[in-house]
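The primary structure of each chain is shown beneath.
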Number of protein chains: 2
Amino acid sequence: MHLDALPTPAAVVDLDVLEANVARQKERAASLGVALRPHVKTHKCVEIARMQRDAGARGITVSTLAEARAFADAGFDDITWAFPLIPSRLSEVRELASRVRLGVTVDSKEAVEALASTGDAFHVWLEVDCGDHRAGVDPEGDLGLAVAQELHDSAELRFEGVLTHAGHAYACRFGQGLGEIAEQERATIVAFADRVRDAGVSVERVSVGSTPTMSAVRDLTGVTEMRPGNYVFHDYTQTVIGSADVADCALTVVATVVSHRPGDGISVCDAGGLALSKEQGPSGVAPTMGRVYDDYGAKTLDEEAMLTSLSQEHGVLRGALAVGTRLRILPNHSCMAAACFDRYHVVRGEEIVAEWPIHRAR
Amino acid sequence: MHLDALPTPAAVVDLDVLEANVARQKERAASLGVALRPHVKTHKCVEIARMQRDAGARGITVSTLAEARAFADAGFDDITWAFPLIPSRLSEVRELASRVRLGVTVDSKEAVEALASTGDAFHVWLEVDCGDHRAGVDPEGDLGLAVAQELHDSAELRFEGVLTHAGHAYACRFGQGLGEIAEQERATIVAFADRVRDAGVSVERVSVGSTPTMSAVRDLTGVTEMRPGNYVFHDYTQTVIGSADVADCALTVVATVVSHRPGDGISVCDAGGLALSKEQGPSGVAPTMGRVYDDYGAKTLDEEAMLTSLSQEHGVLRGALAVGTRLRILPNHSCMAAACFDRYHVVRGEEIVAEWPIHRAR
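Presented here is an overview of the structure given in this document. (Residues numbered from 1 in each chain as written. Chains lettered and ligands numbered in written order. Predicted model: local features only at pLDDT ≥ 70, side-chain atom pairs only at ≥ 80, totals over all residues. Heavy atoms only, no water.)

Quick word on the overall build of chain A
For step 1, the next point in the chain: The helix and strand inventory of chain A stands at 11 helices and 17 strands.
For step 2, the next point in the chain: The C-alpha atoms of chain A give 21 Å as radius of gyration, which agrees with the globular expectation for 362 residues (21 Å, within 12%).
For step 3, the next point in the chain: Overall, the C-alpha framework of chain A stretches about 75 × 40 × 35 Å when taken along its three principal axes.
For step 4, the next point in the chain: The burial tally for chain A puts 62% of its 362 residues in the buried class.
For step 5, the next point in the chain: Long-range pairs, those at least 24 residues apart, make up 67% of the contacts in chain A with a sequence separation of at least 6.
For step 6, the next point in the chain: Counting every atom, chain A has about 12100 Å² of accessible surface; 49% of that belongs to carbon and sulfur.
For step 7, the next point in the chain: Taking the average place of the 35 positive charges on the side chains of chain A and the average place of its 51 negative ones, the gap between the two points comes to 2 Å. (Helix = DSSP H or I, 4+ residues; strand = E, 2+ residues; numbered from the N terminus. Rg over C-alpha atoms; globule rule 2.2 N^0.38 Å. Buried < 20%, exposed > 50% of the residue type's maximum accessible area, 1.4 Å probe, protein only. Contact = heavy atoms within 4.5 Å. Areas by Shrake-Rupley, 256 points an atom, 1.4 Å probe, with all protein chains shown as cover. Lys, Arg positive; Asp, Glu negative; His and termini not counted. Charge placed at Lys NZ, Arg CZ, Asp CG, Glu CD.)

Now the structure itself:
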């Protein structure tokens, strides 16, 4: 089927671009001398994870237990749940850990106690904050050392290593400062691992990762694995951060103009907040809820046609576009847009060659 | 099961509040002398639509064909798709129209032509803009009259009536101006219907609706039905508009604090953008991505604990909250938050009494 015949709105993946992105990250990990454990929260898609595994990925990273279950069911047996343990979900963690090598993540004594209370032998990662100031222990504080010591001393728990995520790289614009944040991410986690080792606790694995920092990093000395996720698709935000070009963006939402009043300067399309998510665009550039391709065969952006607002199913565009005009929209955030859909329509050029399920259940 | 044992994040519906909301809207429609055709895009839930039908709703309104299919499969046989026709979905429209009384919506000649090209006898609503400036014909322009005339003249198409939606009521704050917008919504569509009638075209049905305007409207002379949707749940935005109190809000997202650094002023919970959506809060009040109950048994808001930012699975809270603390979060927009989940956990007080599926497939 040609893309022109696809009912809209739909999530479309450009297979050539996806393959190039997967290959490029494989090369980056190899040249930097680290393992690649991609974050599959971006795509939630078994077919794409298999491409990543075929390109040498050792294990995968997930953000929810529902994702972990979907990928475990598909034969992925080495999974890191890179989100602070949710105590009310311990029984699900135990079930998963009984059938795959599941890594869980902690950054508090409460979480260690919850795990230890089961008597099970969980693989446990300690999360460290490298400047994002979201989750993770302070790399210079006492708590991190104490938690590492508890994990080391536990008769049942297995201390897997330390991990961090430089989410603050998303504040970079057009590459400015990206290399410095990548080096900060590396230096912070490596220094923390050394502090833990100095306290007599062995640290075998040191994990970092975000798509922006992994696009800019030049040296990963002391690090053993990277966990980027967004790189398979990229998105409008990545082009503004400076970690990708528009030509590197593999996911678009295909939409149709459904309403336009002759003589008016706006049009309405069928991609609203449940097709693109309501992710706000990056700051520091003209505000938009997604960027519109003027011709969906060409990877160029129409500077005029911007999405000015989204309601649940309506997308309001600046620009006079006839009813029936088909659009290809680059989402602000591909992870969030992908989670709006049940399946990807996969294209070579403008020909649909596959449909892949998205495991969006929670 | 007690709410305390529920794995988080979860979408929780308070059945007492839901029942009161359904009953109140039934009374409002009856006292205003109009039929009630609730918009089920808010809940996407057959069990709730049945409550609305039992409370006298005549038919339902949907925003997508996937919703229409889910409700048709559950026995709802009178459905209005209140979104401008998407030409690439005509075959789905035909399939649905073959098994239920499906109303479709147009605001352009292109859409009428697409429908007429099939030769099928569709029931067609003409959408009119009453000030929202999203979809709908200009009520004072020529296009609306021309489209109504085409529908009237068509041998196959059946002109169902005129509809409008006062989306601009969402800009009201604390009730200010809400009554005026409700009257504008009514007066605009009634005047347009009269213009069409003056042109010799019969208009039997006149449909309005939004939860804010239907909460404030005093008179619906000339209107035959209302289509509010959000009223079943309400949300934080409705409390700011002035169309509901916190005690009228039936949907909350139950979450758990998963990360907090002792001595720090922020905490992280497990309700991120895929649990609350990234709907921005209403303007004109302190910005938040959702409001937090300090005690989820009590319908009071903690003025301190606000959600300052959401990433995909993390919610960052202002406030020092211990790991393991359970929260009940009032979403900014209940329709968008509900669409993040597969099911509602339904409570009487704090006891879970049912699980209802959410038909979120697209």
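With respect to the interface of chain B and chain A
For step 1, the next point in the chain: If you look at the interface, chain B gives 60 residues, while chain A gives 60 residues.
For step 2, the next point in the chain: Its largest share of buried area at the contact with chain A, chain B owes to Arg134(B), Arg261(B) and Arg362(B), together 16% of the area lost on that side.
For step 3, the next point in the chain: Between the two partners, chain B and chain A, sit six salt bridges.
For step 4, the next point in the chain: Between Glu313(B) and Arg362(A) there is a salt bridge; the shortest N-O distance is 3.0 Å.
For step 5, the next point in the chain: On the surface where chain B and chain A come into contact, there are 27 residue pairs in polar contact (both at pLDDT 80 or more). (Buried area = accessible area lost by both parts, 1.4 Å probe. Salt bridge = Lys/Arg side-chain N within 4 Å of Asp/Glu carboxyl O. Polar contact = N/O pair within 3.5 Å; in protein donor to acceptor, adjacent residues only side chain to side chain.)

Things to note about helix H5 (residues 109–116) of chain A
All names here are of chain A.
For step 1, the next point in the chain: Listed as buried for H5 are Ala111, Val112, Ala114 and Leu115. Relative to the axis of H5, the buried residues are bounded by an arc of 160° and lie together on one face.
For step 2, the next point in the chain: Buried residues along H5 sit against helix H4 (90–97), strand S5 (101–106), strand S6 (123–127) and helix H6 (142–153). (Arc of directions from axis to C-beta.)

Notes on empty space enclosed by the protein
For step 1, the next point in the chain: Going through the model one piece at a time under the given rule, you end up with six cavities of 30 Å³ or more.
For step 2, the next point in the chain: Of the voids in this model, the largest cavity is the one considered here, and its volume is about 280 Å³.
For step 3, the next point in the chain: Surrounding the largest cavity, 28 residues form its lining, Ala339(A), Arg360(A), Ala339(B), Cys340(B) and Arg360(B) being those nearest its centre.
For step 4, the next point in the chain: Sorting the residues of the lining of the largest cavity by element identifies helix H3 (65–73) and helix H10 (273–276) of chain A together with helix H10 (273–276) of chain B as the ones contributing at least two each. (1 Å grid on protein atoms, 1.4 Å probe; cavity = no way out; pocket = protein on both sides within 12 Å on 5 of 7 lines; lining within 4 Å. Points joined across faces, edges and corners; volume = space filled by probe spheres on them.)

What to know about the relation of the copies chain B and chain A
For step 1, the next point in the chain: For the pair chain B and chain A, the relating rotation is 180°, the translation along its axis is 0.0 Å, and the fit reaches an RMSD of 0.0 Å. Overall, the copies show the geometry of a two-fold rotation axis. Every residue of chain B has its C-alpha some distance from the rotation axis, and the shortest such distance is that of Lys278(B), at 2.5 Å.
For step 2, the next point in the chain: Looking at the interface residues of chain B, 100% of them are also at the interface in chain A, so both copies use one shared face. (Least-squares fit on C-alpha atoms with pLDDT ≥ 70 in both.)

Quick word on the environment of Val258(B)
For step 1, the next point in the chain: Position of Val258(B) relative to the elements: it lies in strand S10 (residues 251–260).
For step 2, the next point in the chain: A relative accessible area of 1% places Val258(B) in the buried class.
For step 3, the next point in the chain: Each C-alpha atom of the pair Val258(B) and Ser283(B) lies 29 Å from the other, and the pair is 25 residues apart in sequence.
For step 4, the next point in the chain: Excluding residues within four positions of it along the chain, Val258(B) makes contact with Phe83(A), Pro84(A), Leu85(A), Ile86(A), Asp107(A), Val268(B), Cys269(B), Asp270(B) and Val323(B).

Overview of the sheet that holds strand S9 (residues 225–226) of chain B
All names here are of chain B.
For step 1, the next point in the chain: Ordered in space as S2-S9-S8-S7-S6-S5-S4-S3, the eight strands form an open sheet in which the pairing is parallel. The two strands at the open ends of the sheet, each matched to only one other strand, are strand S2 (35–36) and strand S3 (60–62).
For step 2, the next point in the chain: Two elements, strand S7 (residues 158–163) and strand S8 (residues 205–208), share three bridges in a ladder whose sense is parallel. Bridged to Gly161 within S8 is Arg205. (Pairing = 2+ DSSP bridges.)

A closer look at the environment of Ala97(A)
Residues and elements named next belong to chain A.
For step 1, the next point in the chain: Examined against the element boundaries, Ala97 turns out to sit in helix H4.
For step 2, the next point in the chain: Classification of Ala97 by relative accessible area gives partly exposed; the value is 30%.
For step 3, the next point in the chain: Sequence separation of Ala97 and Leu276 is 179 residues, and the distance between their C-alpha atoms is 34 Å.
For step 4, the next point in the chain: Apart from residues lying up to four places away in sequence, Ala97 is in contact with Leu102 and Phe122.

Regarding unusual backbone geometry
For step 1, the next point in the chain: Thr8(A) connects to Pro9(A) through a cis peptide bond whose omega is -5°.
For step 2, the next point in the chain: Relative to the helices and strands, Pro9(A) is located in the segment before strand S1 (10–14).
For step 3, the next point in the chain: In this model, His133(B) sits at a positive phi of 55°, which is unusual for a non-glycine residue.
For step 4, the next point in the chain: Counting through the fold element by element, His133(B) comes out in the loop between strand S6 (123–127) and helix H6 (142–153).
For step 5, the next point in the chain: Even without being a glycine, Phe174(B) presents a positive backbone phi close to 55°.
For step 6, the next point in the chain: Summarising the element assignment, Phe174(B) is placed in the loop between S7 and helix H7 (178–198).

Quick word on the sheet that holds strand S4 (residues 78–84) of chain A
Residue and element names in this part refer to chain A.
For step 1, the next point in the chain: On the basis of which strands lie adjacent, the open sheet formed by eight strands has the order S2-S9-S8-S7-S6-S5-S4-S3 and parallel pairing. This sheet does not close on itself; its edge strands, each paired only once, are strand S2 (35–36) and strand S3 (60–62).
For step 2, the next point in the chain: Sheet strands touched by H3: S3 and S4. Its angle to S4, the strand with the most contacts, is close to 175°. (Axes fitted to C-alpha atoms, helices over the stretch in contact; angles between N-to-C directions.)

Points about the side chain of Asn230(B)
For step 1, the next point in the chain: Mapped onto the fold, Asn230(B) is located in the loop between S9 and helix H9 (236–241).
For step 2, the next point in the chain: Dropping the residues within four chain positions of it, Asn230(B) is found in contact with Thr42(B), Tyr170(B), Thr211(B), Asp235(B), Gln238(B), His333(B), Ser334(B) and Cys335(B).

What about the pattern of salt bridges?
For step 1, the next point in the chain: For the coordinates displayed, the defined rule picks out 48 salt bridges over all chains.
For step 2, the next point in the chain: Between Arg348(A) and Glu19(A) there is a salt bridge; the shortest N-O distance is 2.9 Å. Linking Arg348(A) in strand S16 (residues 343–348) with Glu19(A) in helix H1 (residues 15–32), this pair joins segments that are 329 residues apart in sequence.
For step 3, the next point in the chain: For Arg348(A), a relative accessible area of 33% translates into the label partly exposed.
For step 4, the next point in the chain: The salt bridge involving Arg186(B) is made with Glu183(B); its shortest N-O contact spans 2.8 Å. On the criterion of helical spacing, the pair formed by Arg186(B) and Glu183(B) is a turn pair, its members being three residues apart in helix H7.
For step 5, the next point in the chain: What makes Glu183(B) partly exposed here is its relative accessible area of 34%.
For step 6, the next point in the chain: Because the salt bridges share partners, they merge into one network encompassing Arg37(A), Asp78(A), Arg101(A), Glu160(A), Arg205(A) and Glu225(A).

What about the pairing of S1(A)?
Residues and elements named next belong to chain A.
For step 1, the next point in the chain: Taken across its five residues, S1 has five buried, putting it largely inside the fold.
For step 2, the next point in the chain: The alternating pattern of S1 places Ala10, Val12 and Asp14 on one face and Ala11 and Val13 on the opposite face, and all of these are buried.
For step 3, the next point in the chain: Bridging between S1 and strand S10 (residues 251–260) involves four bridges; their strand directions are antiparallel. In the sheet register, Val12 faces S10, and the bridge partner there is Thr252.

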